[in-house]
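Summary of the model geometry
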Amino acid sequence: MASDKPIRVAIIGLGFGAEFIPIYQNYPGAEMSAVCRRDPKGLEEVGEKYGIKGRYTDYRELLKDPNIDAVHINSPIPDHAWMSIEALNAGKHVACTVPMATSIEDCKKVVEAQRSSGKVYMMMETVVYSREYLFVKELYEKGELGRLQFLRGSHQQDMDGWPEYWPGLPPMWYATHCVSPCLALLGKHAESVVCHGSGRIREDLVAKYDSPFAVESATFTIKDSDVVAEVTRSLFDTARQYRESFDATGSRKSFEWQQVEGEDPVIHTKSTPEAPLAEPEIAKRVKVPDYARLLPEGIQRFTQPAAIQDADHLSFLQGGGHGGSHPHLVHAFLSAVKGERAPLPDAETSANWTMVGLCAHESAMKGGERLTIPTF
């Protein structure tokens, strides 16, 4: 897009999605042009609160608006794929919350729509823009971790009380928060996966998706790498404080996520003959810095909870603020739309991160059979 032309953005879904409105409004070179919500009353309330003139209850009518360049989709999970496909086919750039889709077939359709349209598609994966991930990435790129030897992700959450499409959802269908940091750190795609289900959720939850497991735990191989990653997911009937985490085990140093909210993570440093460490000295807690400095000045404050407009939303409260990732996501997406950098994750990578979980659940239902993750 021409650098002097503002990028006109529409946000679809105004629960969690409303959090992004002031970020777009304060982003240099962006214009918050429209919002879309099925509920007319809620739509008007948000439109008035943020002074947004474009208001739609019908998504397909919004896509006909020639004054909209890009859509940011925050709709329920079952709507992600078809909304992304129709937006791309309508010539709009697409940012979509996770996951890309709930079937391999739909992942393929989104990738094909992106390729045929030539527009930007970016799955808005929070973890790879969180301050914790940016910290580990910085350590790795500086060589402080040494050779990566193993990666682990964990996303455990109590989804009781969430909207109607959540109850009984297969845990690995929503696995990108723990899969993505493992793959993004190496810059590679997953190749195959083995997953086992454990325990059983209550029968009324099983009925909706025919998914019985309380916990699903998977290991996956990574293309052109000798590193294997492990991820664990749970959504119902499992006693655990919210945890959205990843660990990176290196030959020199390792990063380990904190056990409970409010603690600091741990860096383990390898003892060597040249620099011997007593056992208590190997592990030390570390303060993770904020990375607002990587952002345009107008949106730097949004890495902090004090600037969040919708901080009482369940996804924010349980997600611990998503690691200050929201303004980084907006910056990455709009930079990609402007052609300044490739989207991360792009369509193919978004599909791969999503299909790790989709194939993992299929593997668990088949008793731990190894499955190759498709490529398109």
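Here, every reference points to the structure presented above.
Keep in mind that what you see is a predicted model, and the values were worked out from it rather than measured.

Reading the values: rules and limits
- Residues numbered from 1 in each chain as written.
- Predicted model: local features only at pLDDT ≥ 70, side-chain atom pairs only at ≥ 80, totals over all residues.
- Heavy atoms only, no water.
- Buried < 20%, exposed > 50% of the residue type's maximum accessible area, 1.4 Å probe, protein only.
- Helix = DSSP H or I, 4+ residues; strand = E, 2+ residues; numbered from the N terminus.
- Contact = heavy atoms within 4.5 Å.
- Phe/Tyr/Trp six-rings, centres within 6.5 Å; stacked < 30°, edge-to-face > 60°.
- Pairing = 2+ DSSP bridges.

Overview of helix 6 (residues 131–141)
Among the residues of helix 6, Arg131, Glu132, Tyr133, Leu134, Phe135, Val136 and Leu139 are the ones counted as buried. Buried residues along helix 6 sit in contact with helix 7 (176–186), strand 11 (243–250), strand 12 (253–256), strand 13 (266–269) and helix 11 (326–337). Of the residues flanking the end of helix 6, it is Gly143, one or two places downstream, whose phi is positive at about 85°.

Focus: the packing of aromatic side chains
Geometry of an aromatic ring pair is reported as the spacing of the ring centres plus the angle between the planes. A complete count under the given rule lists 11 aromatic pairs for this structure. Centre to centre, the rings of Trp162 and Trp166 are 5.7 Å apart; their planes meet at 75°, and the pair counts as edge-to-face. Ring centres 5.6 Å apart and planes at 75° place the aromatic pair Trp173 and Tyr209 in the edge-to-face group. Of the two residues, Trp173 sits in the loop between strand 7 (148–156) and helix 7 while Tyr209 sits in helix 8 (residues 203–209), which places them 36 residues apart along the sequence. Taken together, the aromatic side chains of Tyr133, Phe135, Phe246, Phe255 and Trp257 make up a single cluster linked through ring pairs.

Thoughts on the pairing of strand 2 (residues 30–36)
With six of its seven residues buried, strand 2 lies for the most part within the structure. The pairing of strand 1 (residues 7–12) with strand 2 spans six bridges and is parallel. Looking at strand 2, one finds that Ile11 is bridged to Val35. Pairing of strand 2 with strand 3 (residues 54–56) involves three bridges; the strand directions are parallel.

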